[in-house]
Amino acid sequence: MSDFELINVILLFMITLVALAVVAVRNLLAAGMLMSIYSFLMALIWTNIDSIDVAFTEAAVGAGISTVLFIGALVHVGTEEKPLRPIHWPALLVTAATAVALLYGTVGMPRFGDVTSPANTSAVAAAYIEQNVEKSPDPAGHHTEAAAESHEGDYFHGHVPNFVTAVIVSYRGYDTMYETTVIFIAGLSMVLFLRMRKSGG
Amino acid sequence: MREQSILRVAAKMMTPFILVFGLYVVFHGDISPGGGFQGGVIIASGFILYGLVYGGADMRRVIPRWLSDALLALGVLLYAGTGTFCLLAGYRFLDYTALRPSSPGTGEVIGMTLVEYGVGFTVAMVMVTIYNEISEGTVPEDGGDGSATAEAPSSGAAAGRDAIRPGTAAPPSAA
Amino acid sequence: MIRNNLPVLVIIIPLLAGLVTSFSRRLPGFAWAWVTAVTWVVFAIAVALLREVLGLPTGGHISYPMGSWTVPWGIEYRVDALNGFVLVIVAGIAAVVTSGARLSIEAEIPADRQHLFYSVWLLCITGLLGITVTGDAFNVYVLLEIASLATYTLVAMGKDRSRRALTASMNYVVLGTIGASFILIGIGYLYMVSGTLNMADIAEHLRVLQSAWQQGDMTYRRTVVTAFAFLMTGFAIKLALFPVHSWLPDAYTYAPSPVSALLAATATKVGAYITFRFLFTVLGASFSFNVMPAGVIILICGVAAVLAGSWIAMRQSNIKRMLAYSSVAQIGYIAIGLGLANPTGLQGSIVHLFNHAVTKGGLFLALAGVSFRRGGVTLRHVQGMGRRMPLTMAAFVAGGMGLIGVPLTSGFISKWYLLSGAIDKASYASAVALILGSLLAVGYVWRVVEVIYFRPPADPAEDVREAPASILIATWVLIGASLFFGVNATLTARLSAAAVRALGVLP
Amino acid sequence: MSLGGHYNYWIAILLMMIGLYPVIAKPNLIKKILGLSLFQTGIFLFYISVGKVFGGTAPIYFEPAGRDPAMYTNSIPTALILTGIVVSVSTTAVALAIAVSIKRAYGTVEMYDIENADRDDQE
């Protein structure tokens, strides 16, 4: 087993334990703390699986801001969860059914880390790495073939070392615009529900 | 307030470096890992550290509410505005070649950087707003918009800390 | 410049306007006028877009790549007859509801939050329009999150009238997030077997796989089957199809009145559109209906929705709650049309998107008027209001007729298509359900009409004036459209026929 | 010996289910929100492990690897999950804002107490 897989397995084992602890523990403050540990472990796993940007975001947003959110909310809400009977059978049933459906889907799946899987050999992924994606001509007459010749080699080739940021901001920049709108709405809702309470009486 | 002084000195020393590192992450989004989101969150964590140590009132003096609300929308407007500028310049929406028609590659990089700033602004200000509003209830209000009465600014952190200690009842939250 | 950028302008204008509105704290009058103007401009663009799409040869579509990146690499907007039609429905309802909502919003939302309410209102409309127009699978998830988050916030803003708006919003957050996560799992599984995220591109890769399955080479078949199951569950939650509809009644009842009107008329329609798009265009009709039992499952849920929704609606004292359960039943009709999967049934389902949007929007606006004048919407509030609020109550009765499907109302047109579709397919269970649904609808509409006209007002001395003109005009625009398109249904029939053709090969 | 091809997906599914269970079972709103956060993070782990390439490095250009796709991990899932994490945090923020408002309106965040309070309102 390569060292990558060894680290991966150990981290996955640890994160499963922490996830179980988050659900099991009754003191919500402890659950918040465990959630922060969970996010840091997930950031480690993602670093190990070579997706650095997501690890960076998970550490900063998942562990940082989520913990601030949870602890802040607990200050208002109190940290004790009422004791409850141990197993909630209908929920277990629904969860088990979903798990079986998901596992059924993984049976024929390409193997983990397999270079030849459709996702990794698709023309879309390859072009993002070679960064030779051409622009389609638009009605106003830009980006036609003639225009491309005049600045050959300048068509956004290799300008951006970090492929992920190129994909996020340039090729699929439209997604990121809406993502910023999503976090804007989250900010507005915090203002609407928490701040206005004082003047709202 | 003696036991606060260590925290204060440490925070005062660290905050500038956190902000500079956050700006670095935003600027170098396309070279090294990172980008608008991660940088924005790091900048926000600098402000939140300051807010934790110096209390909510001081933080609202550093970033008044109207400023954080304005920057909240300005970030997304910067992003959508760049796209609309390309639209008005005759290209398609979000086609950054419009920013530097002579050399599309440079136009692309300019567009990316502008957009990363927009994202960085919005994310930073949202996280600051989240912290401001979530820690709102801990300061015992007695009217007055925002100015948390005359008592020592750290009461916010103190009240917060007492409430968190397990077993104590939740703070008297005004209905 | 405007002509060839139509698909993007429909989304960018409400987005930018929504962001600018969040600054307008000190000019309350300005916010409503600005938002109404924006929604009417968006409606005009949507109509122009639909006219341009109908001009294309059948099955043609307008493609708009974002940032001019060639399609599978960049995100693309693809507008054909189906989503052009849904776009016009959503934009039209948004424009009319916003125009009539000023007084109702001022009554129900505290003054210092109205500018933020309008901002979130426009962003919700942006999200709904975005889902309708986009041609990229992951973009659907992001826009779905925008529309959902905006809806959670709008519903929870009803907390000043009743604290139960908060619990309604909380339940909606939990169920909506599970639904969105199921959709994300489905998109992930599809991405895994196709490697791309553009809907048309995924469809191509799936056709290659499906033809391989016919030859017995079962690569990735289980993964696509699971993707189908999770996508359908996620869309069913977003659509509030019967078994997973529990978030809808509370959300519509305790949301501010204009929010209920907007959501009832647009949110579920966009959910239905996305189900159509994924079932027919992405997964392919032959796979969804012949290989997978989509038809049977959706039909069963539709029939159950019609019967259970109408039955529970009959026992509600709060009229908004009654209309919410009636919405669950009407979504059942759309599901029956989808489940039949033959041209007439599909056309009935698509035309019912329009008819139900217009009818239910008008009914909820009428209730906004009642809530504005009477302060509530239970049977006690409307008792004996027949003479005091004649126009509002007449609108309510006309809308009720539309729900039942009385001839000369648009409800009848869609019921007619659905019934003939059911008979073509010889599925008598759904035909019986359609008729039973109408009878049950008579039950719950008549119960309210009887209280309005044949009971004396609770305290005759109270002087109750007619609903304000702005709300009345908006109500009657929608109810008038519901009646007009019942009498002269050529336009909706032509649009829905084009939409069915745009769905391509039927199973 | 390599550990079979799908163990990463199975653990991701396990994390999703550990997240889904409290959302349905636990009456405490904060536990539900925690569960939602776990569930979404599990889905993101699934997405990222789809894009992993054995022997490939992080998708950042460096000379020796050049432009050969086999040398880099797939960058699309990473790009999608960046959006996903921000959406997940935004949903958690909205949910917590509503939960705190419920606490202020009802005085509790336990679903059963809230339902009882609503039922008493009914009469």
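Residues numbered from 1 in each chain as written. Chains lettered and ligands numbered in written order. Predicted model: local features only at pLDDT ≥ 70, side-chain atom pairs only at ≥ 80, totals over all residues. Heavy atoms only, no water.

Asker: Would you mind going over the overall build of chain D in detail, with residue names and values included?
Answerer: The helix and strand tally for chain D stands at 4 helices and 0 strands. Each helix and strand of chain D, placed in order from N terminus to C terminus, yields the pattern α-α-α-α. Here the C-alpha coordinates of chain D stretch approximately 75 × 30 × 15 Å along the principal axes. When the 123 residues of chain D are sorted by exposure, 75% land in the buried category. Put simply, of all contacts in chain D between residues at least 6 apart along the chain, 46% involve residues at least 24 apart. Working note: accessible area of chain D is about 3,300 Å², and carbon and sulfur atoms make up 62% of it. Seen as two clouds, the 8 positive and the 9 negative side-chain charges of chain D have centres 9 Å apart. (Helix = DSSP H or I, 4+ residues; strand = E, 2+ residues; numbered from the N terminus. Buried < 20%, exposed > 50% of the residue type's maximum accessible area, 1.4 Å probe, protein only. Contact = heavy atoms within 4.5 Å. Areas by Shrake-Rupley, 256 points an atom, 1.4 Å probe, with all protein chains shown as cover. Lys, Arg positive; Asp, Glu negative; His and termini not counted. Charge placed at Lys NZ, Arg CZ, Asp CG, Glu CD.)

Asker: Outline the overall build of chain C, listing residues and values.
Answerer: Looking only at helices and strands, chain C has 21 helices and 2 strands in total. Against the compact-globule benchmark of 23 Å for 507 residues, chain C has a radius of gyration of 22 Å, which places it among compact chains. The C-alpha extent of chain C, read off along each of the three principal axes, is 80 × 55 × 40 Å. Counting across all 507 residues of chain C, residues that qualify as buried make up 70%. (Rg over C-alpha atoms; globule rule 2.2 N^0.38 Å.)

Asker: Lay out unusual backbone geometry in plain terms, naming residues and giving numbers.
Answerer: Backbone geometry places Asp50(A), a non-glycine residue, at a positive phi of 65 degrees. Tracing the backbone through its elements, the reader meets Asp50(A) in the loop between helix 2 (28–48) and helix 3 (52–77). Of note in this structure, Ser68(C) is not a glycine but carries a positive phi near 60 degrees. Inspection of the secondary structure puts Ser68(C) in the loop between strand 1 (62–65) and strand 2 (76–79).

Asker: Mind laying out the pattern of salt bridges, listing which residues take part and the relevant values?
Answerer: If the charged atoms of two oppositely charged side chains come close together, the side chains can form a pair. One pass over the full model with this rule turns up 14 salt bridges over all chains. Between Arg113(C) and Asp112(C) there is a salt bridge; the shortest N-O distance is 3.9 Å. It is possible to trace a salt-bridge network through shared partners that takes in Lys135(A), Asp95(B) and Glu108(B). (Salt bridge = Lys/Arg side-chain N within 4 Å of Asp/Glu carboxyl O.)

Asker: Outline the interface of chain D and chain A, supporting the account with residue identities and numerical values.
Answerer: Counting from both sides, the interface comprises 82 residues of chain D and, opposite them, 88 residues of chain A. Taken over both partners, the interface formed by chain D and chain A buries close to 8,000 Å², and the fraction arising from carbon and sulfur atoms is 74%. The largest share of the area that chain D buries against chain A comes from Tyr21(D), Arg67(D) and Arg104(D), three residues that together contribute 9% of it. Between the two partners, chain D and chain A, sit 1 salt bridge. Taking the shortest distance from any N to any O, the salt bridge between Asp50(A) and Lys52(D) comes out at 2.7 Å. Where chain D meets chain A, there are 12 residue pairs in polar contact (both at pLDDT 80 or more). Elements that contribute at least two residues to the side of chain D that touches chain A include exactly helix 1 (7–25), helix 2 (29–51), helix 3 (75–106) and helix 4 (111–122) of chain D. A per-element tally of the side of chain D that touches chain A places helix 3 of chain D first, with 23 residues. (Buried area = accessible area lost by both parts, 1.4 Å probe. Polar contact = N/O pair within 3.5 Å; in protein donor to acceptor, adjacent residues only side chain to side chain.)

Asker: Quick one: what's the story with the packing of aromatic side chains, residue by residue and with numbers?
Answerer: Enumeration over the complete set of coordinates arrives at 37 aromatic pairs over all chains. Joined through ring pairs, the aromatic side chains of Phe4(A), Phe112(A), Tyr189(C), Tyr7(D), Tyr9(D), Phe46(D) and Phe54(D) make up one cluster. Over the face of the ring belonging to Trp213(C) we find Arg221(C), whose NZ or CZ atom lies 6.0 Å from the ring centre. (Phe/Tyr/Trp six-rings, centres within 6.5 Å; stacked < 30°, edge-to-face > 60°. Lys NZ or Arg CZ within 6 Å of the ring centre and 35° of its normal.)

Asker: Describe the environment of Phe117(C), and please don't skip the residues or the numbers.
Answerer: All names here are of chain C. Among the structural elements, Phe-117 can be located in helix 5 (residues 114–133). Residue Phe-117 is classed as buried on the basis of its relative accessible area, which comes to 0%. Through-space distance from the C-alpha of Phe-117 to that of Ile-45 is 24 Å; in sequence the pair is 72 residues apart. Aside from chain neighbours lying at most four places away, what touches Phe-117 is Ile-105, Ile-109, Leu-154, Met-157 and Val-259.

Asker: Could you give an account of helix 2 (residues 28–55) of chain C, naming the residues involved and the relevant values?
Answerer: Counted at 1.5 Å a residue, the expected span for helix 2 of chain C with its 28 residues is 40 Å, and the 42 Å between its end C-alpha atoms agrees. Those residues of helix 2 of chain C that fall on the buried side of the exposure criterion are Ala31(C), Trp32(C), Val35(C), Thr36(C), Val38(C), Thr39(C), Val42(C), Ile45(C), Ala46(C), Leu49(C), Leu50(C) and Val53(C). (Expected span 1.5 Å × (residues − 1).)

Asker: Give me the nonpolar core: which residues, what numbers.
Answerer: Ranked by size, the top nonpolar core spans 335 residues in total, and within it Tyr174(A), Tyr178(A), Phe93(B), Phe276(C) and Phe46(D) carry the most contacts. With 19 residues, the top contributor of residues to this core is helix 3 of chain D. Residues in contact with Phe46(D), not counting those within four places in the same chain, are Met109(A), Tyr189(C), Met192(C), Tyr9(D), Ala12(D) and Met16(D). Membership of the second largest hydrophobic core comes to 11 residues, among which are Ile336(C), Ala431(C), Ala433(C) and Leu434(C). (Core = buried A, V, L, I, M, F, W, Y, C linked by side-chain atoms within 4.5 Å.)

Asker: Tell me what's going on with helix 4 of chain D, and back it up with residues and numbers.
Answerer: Over its 12 residues, helix 4 of chain D extends 16 Å from the first C-alpha to the last, a length consistent with the 16 Å expected when each residue adds 1.5 Å. Listing the buried residues of helix 4 of chain D in full gives Met111(D), Ile114(D), Ala117(D) and Asp118(D). Buried positions in helix 4 of chain D, seen along its axis, are confined to an arc of 125 degrees and lie on one side of it. Packed against the buried residues of helix 4 of chain D are helix 7 (164–194) of chain C together with helix 2 and helix 3 of chain D. (Arc of directions from axis to C-beta.)

Asker: Quick rundown of the interface of chain A and chain C? Include the residues and the values.
Answerer: With 45 residues of chain A at the contact, the number on the chain C side is 53 residues. Of the roughly 4,400 Å² buried between chain A and chain C, counting both surfaces, carbon and sulfur atoms make up 72%. When the buried area of chain A at its contact with chain C is split by residue, Tyr174(A), Tyr178(A) and Leu192(A) rank highest and sum to 15% of it. Across the contact surface, chain A and chain C share 1 salt bridge. At the junction of chain A with chain C, the criterion picks out 12 residue pairs in polar contact (both at pLDDT 80 or more). Secondary structure elements with two or more residues in the side of chain A that touches chain C: helix 4 (89–106), helix 5 (118–121), helix 6 (123–130), helix 8 (163–171) and helix 9 (173–200) of chain A. For the side of chain A that touches chain C, the element with the most residues is helix 9 of chain A, which contributes 17 residues. A breakdown of the residues in the side of chain A that touches chain C according to their chemical character gives 27 nonpolar, 12 polar and 6 charged. (Nonpolar A, V, L, I, M, F, W, Y, C, P; charged D, E, K, R; others polar.)

Asker: Would you mind going over the environment of Leu114(B) in detail, with residue names and values included?
Answerer: All names here are of chain B. Relative to the elements of secondary structure, Leu-114 occurs in helix 4 (residues 104–134). Using a relative accessible area of 29% as the deciding quantity, one classes Leu-114 as partly exposed. Residues Leu-114 and Phe-27, spaced 87 residues apart in sequence, show a C-alpha to C-alpha distance of 9.6 Å. Excluding residues within four positions of it along the chain, Leu-114 makes contact with Leu-78 and Thr-82.

Asker: Describe in detail the packing of helix 15 (residues 343–374) of chain C against helix 20 (residues 469–487) of chain C, supporting the description with residues and values.
Answerer: Residue and element names in this part refer to chain C. The N-to-C vectors of helix 15 and helix 20 enclose an angle of 155 degrees; their axes lie 8 Å apart at closest approach. With respect to their mutual orientation, helix 15 and helix 20 come out roughly antiparallel. Here the hand of the crossing between helix 15 and helix 20 comes out left-handed. Every residue of helix 20 that contacts helix 15 at Phe-354, Val-358, Thr-359, Gly-361, Gly-362, Leu-363, Leu-365, Ala-366, Ala-368, Gly-369 and Phe-372 is listed here: Ile-471, Ala-474, Thr-475, Leu-478, Ile-479, Ala-481, Ser-482 and Phe-485. (Axes fitted to C-alpha atoms, helices over the stretch in contact; angles between N-to-C directions. Parallel < 35°, antiparallel > 145°, perpendicular 65-115°, else oblique. Left-handed = near helix turned anticlockwise from the far one by under 90°.)

Asker: Help me get a handle on the environment of Ser135(B), residues and values and all.
Answerer: Considering the arrangement of structural elements, one finds Ser135(B) in the loop between helix 4 and helix 5 (155–164). The class for Ser135(B) is buried, based on a relative accessible area of 15%.

Asker: Explain the confidence of the model for chain D to me, using residue names and the numbers behind them.
Answerer: In this model, chain D carries a mean pLDDT of 87, and residues with pLDDT of at least 70 account for 96%. Across the interface, the model reports ipTM at 0.91; the global pTM reads 0.92. (pLDDT = per-residue confidence, 0-100.)

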